[in-house]
Amino acid sequence: MPFPPPTIAILGLGLVGSYLAAHLLFDPNHSTIHLVARESFTSKHGTTGFCATRIDGSQLHVSPDKLNVHASVADLLAAVSVDFLVVTVKRVALKAVCEGVRAAGFKGVVVVVSNGARGGEEARGVLEGVEVVEGMWPFNVVESAAGEYRQASEGDVYLKDSPSGRSLADTFTRCGLPTKTSENMDSVLYGKLLVNLNNAICALSALPLRAEVCTYGYRKIWALCMTESLKVYAAAGIHPTPFLAVPYSVLPYVLRVPDSLFNVVLSMLSKIDPNGTSSMYEDVRNGRVTEIDFLQGEVVRLGREVGVQTPVCERIVGLIRELERAGKGLVPHSAEEILEV
Ligand SMILES: NC(=O)C1=CN([C@@H]2O[C@H](COP(=O)(O)OP(=O)(O)OC[C@H]3O[C@@H](n4cnc5c(N)ncnc54)[C@H](OP(=O)(O)O)[C@@H]3O)[C@@H](O)[C@H]2O)C=CC1
Ligand SMILES: CC(C)(CO)C(=O)C(=O)O
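Source: prediction; values computed, not measured. (Residues numbered from 1 in each chain as written. Chains lettered and ligands numbered in written order. Predicted model: local features only at pLDDT ≥ 70, side-chain atom pairs only at ≥ 80, totals over all residues. Heavy atoms only, no water.)

Colleague: Even after reading the chapter, I still don't get the overall build of the protein, so can you show me in this structure?
Modeller: Each helix and strand in the protein was counted, giving 15 helices and 12 strands. A compact globule built from 341 residues would reach a C-alpha radius of gyration of about 20 Å, and the protein, at 20 Å, matches this within 12%. With the C-alpha coordinates of the protein rotated into their principal frame, the extents come out at 55 × 40 × 40 Å. Looking at the protein as a whole, 53% of its 341 residues qualify as buried. Within the protein, contacts between residues at least 6 apart in sequence are counted, and of these 70% link residues at least 24 apart. Carbon and sulfur atoms provide 53% of the accessible area of the protein, an area that totals close to 14600 Å². Charge separation in the protein, taken as the distance between the mean sites of 31 positive and 36 negative side-chain charges, equals 2 Å. (Helix = DSSP H or I, 4+ residues; strand = E, 2+ residues; numbered from the N terminus. Rg over C-alpha atoms; globule rule 2.2 N^0.38 Å. Buried < 20%, exposed > 50% of the residue type's maximum accessible area, 1.4 Å probe, protein only. Contact = heavy atoms within 4.5 Å. Areas by Shrake-Rupley, 256 points an atom, 1.4 Å probe, with all protein chains shown as cover. Lys, Arg positive; Asp, Glu negative; His and termini not counted. Charge placed at Lys NZ, Arg CZ, Asp CG, Glu CD.)

Colleague: What exactly am I supposed to notice about the state of the cysteines here?
Modeller: Simply put, the disulfide is a covalent bond whose two ends are the sulfur atoms of two cysteines. Counted under the stated rule, the structure contains 0 disulfides. C313 carries a free sulfur, and the closest cysteine sulfur to it, the one in C225, is 4.1 Å from it. (Disulfide = S-S within 2.5 Å.)

Colleague: Where do I start with the UniProt feature "domain: Ketopantoate reductase N-terminal" (unreviewed entry) in the protein in this structure?
Modeller: According to UniProt, the feature "domain: Ketopantoate reductase N-terminal" (unreviewed entry) maps to residues 8–161 in the numbering used here. Between the end C-alpha atoms of residues 8–161 there is a gap of 18 Å, over a span that is 29% helix and 31% strand. (UniProt positions renumbered as here; feature names shortened; annotations may be inferred.)

Colleague: Would you mind showing me how to read the packing of helix α4 (residues 94–103) against helix α5 (residues 119–126) here?
Modeller: Two elements in contact, α4 and α5, have axes separated by 9 Å at closest approach and are oriented at 35°. Every pair of crossing elements has a handedness; the one defined by α4 and α5 is right-handed. The segment α4 lies against α5, with L94, K95, C98, E99 and R102 engaging G119, E122, A123 and V126. Class assignment of the residues belonging to the contact of α4 with α5 gives a composition of 4 nonpolar, 1 polar and 4 charged. (Axes fitted to C-alpha atoms, helices over the stretch in contact; angles between N-to-C directions. Left-handed = near helix turned anticlockwise from the far one by under 90°. Nonpolar A, V, L, I, M, F, W, Y, C, P; charged D, E, K, R; others polar.)

Colleague: Explanation requested: the side chain of R91 in the structure shown.
Modeller: The residue R91 is located in the loop between β6 (84–87) and α4 in this model. For R91, the side chain forms a polar contact with the side chain of E122, separated by 3.3 Å. Residues contacting R91, with those up to four places away along its chain left out, are S114, N115, G116, A117, R118, G119, E122, E291 and F294. (Polar contact = N/O pair within 3.5 Å; in protein donor to acceptor, adjacent residues only side chain to side chain.)

Colleague: Whenever I open this one, the sheet that holds strand β10 (residues 148–151) confuses me. Can you help?
Modeller: Strands pair in a sheet through their backbones, by hydrogen bonds, and they do so in one of two ways: parallel or antiparallel. Spatial strand order, β4-β3-β10-β9: 4 strands in an open sheet with mixed pairing. If you trace the sheet from one side to the other, it starts and ends with β4 (59–62) and β9 (141–145), each paired once. In this sheet, neighbouring strand axes are inclined to one another by 25° on average, regardless of whether the strands run parallel or antiparallel. Helix α1 (residues 15–26) rests against β3 (50–53), β4, β9 and β10 of the sheet, and its axis sits at about 95° to β3. (Pairing = 2+ DSSP bridges.)

Colleague: Any chance you could explain the domain arrangement of the protein here in plain terms?
Modeller: It is common to give the size of an interface as the accessible area lost on bringing the parts into contact. Here the domain parsing of the protein yields domain 1 (7–183) and domain 2 (193–339). Computed over C-alpha atoms, the centres of domain 1 and domain 2 are 26 Å apart. Between domain 1 and domain 2, roughly 1700 Å² of surface is buried when both sides are summed, and carbon and sulfur atoms account for 55% of that area. It is K90, V92 and N115 that lose the most area in domain 1 upon contact with domain 2, and together they represent 29% of the buried surface on that side. (Domains from an automatic or database assignment. Buried area = accessible area lost by both parts, 1.4 Å probe.)

Colleague: In this structure, what is going on with the pairing of strand β12 (residues 179–182)? I would like to understand it.
Modeller: On a regular strand, one side chain projects to one face of the sheet and the next to the other, so that they alternate. Relative to β12, strand β11 (residues 157–160) is paired through 4 bridges, and the arrangement is parallel. Considered in β12, the bridge of Y158 is made with K180. Assessed by its sense of winding, the connection that carries the chain from β11 through helix α6 (residues 163–174) to β12 is right-handed. (Right-handed = clockwise from strand over helix to strand, strands pointing away.)

Colleague: Even after reading the chapter, I still don't get the sheet that holds strand β1 (residues 7–11), so can you show me in this structure?
Modeller: With mixed pairing, 8 strands are arranged side by side in an open sheet as β5-β2-β1-β6-β7-β8-β11-β12. Both edges of this open sheet fall to β5 (69–70) and β12, since each of them pairs with a single strand only. Across 5 bridges, β1 lies against strand β2 (residues 32–36) in parallel orientation. The residue of β2 that forms the bridge with I8 is I33. Against the sheet, α4 contacts β1, β6 and β7 (109–113), and its axis sits at roughly 160° relative to β6. Sheet strands touched by α6: β1, β6, β7, β8 (131–136), β11 and β12. Its angle to β11, the strand with the most contacts, is close to 155°.

Below, the structure written as structure tokens:
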């Protein structure tokens, strides 16, 4: 364990940030924790605290007196010297957050935990001279009741394999969040992107994640997006890191088996809470801008660069844009409606 234990600040106290914060705050022996949170977090949890519920049902409660909350990075740095700033905002907010971090003169390590590839590159572009560590968050978190952040699927967190990344991975693991490191986070994040191709389909279906993936028509669309993405990756020389039980090349075939067989395979491979959703489902539900540009949008962008057509991914980008423009929340689309070109 690093000595003295590191001082870690978390910026972005939504689903992932709050679940992470609850783990780190629960056992104060491994780190000192500060939060950079908006008023919405303080008004919600400032007097009651919050809790993380793990997939096995165990709960970590954090009482409000344990919370060191700051309104901005500048306020944080005026109060304390910070080793790691873990940024858990949506990818669309990353650049603006990094500009704030640079303006505040932060000199520690910035850890970027966002879906989509090339987040680290974007952060480094803004934070010249500051060490940036990429992270990958593998499982779904939902707010199942006010102040209860519930793990709704499974997987290990990944951080970039560097002395700082290894040290933080050790702290996360000691706090009950199993964390691996990888020298090639681009490959890890392009692998995660293949999983996240389903985020938009879940949002378009307006169904919780489990019900959506257990429906053949939606899985077929995910498989089509994945096949397009794998062709693009092959042409672009991208080798996604395998971290699922099934190799990516086989996954589109597994997704196309009938529902009855898929249910058996799913129960053998992974747990998904019936209330789990996708982060894009939550964005659409709450009328927020989504991360579509960094998921199917990234495949379309890369496809154009390497001359590979991506009609299904393009169609999904268009449909999510329509939902964003309409701002009316979730609108159930059948699989046929999604595929109709
Ligand atoms: N949710 C999930 O299950 C999973 C999410 N991920 C990824 O993790 C990342 C975080 O996702 P998630 O936790 O769901 O996102 P949320 O939208 O739940 O949380 C993001 C939080 O960041 C806050 N925020 C945004 N900008 C700032 C800022 N400038 N200063 C302070 N706070 C700010 C937001 O506040 P406000 O609400 O006021 O805008 C919000 O509380 C995303 O890239 C997502 O794709 C990955 C795997 C699973
Ligand atoms: C865990 C998963 C794949 C699905 O919930 C996700 O990454 C997300 O919701 O953004």
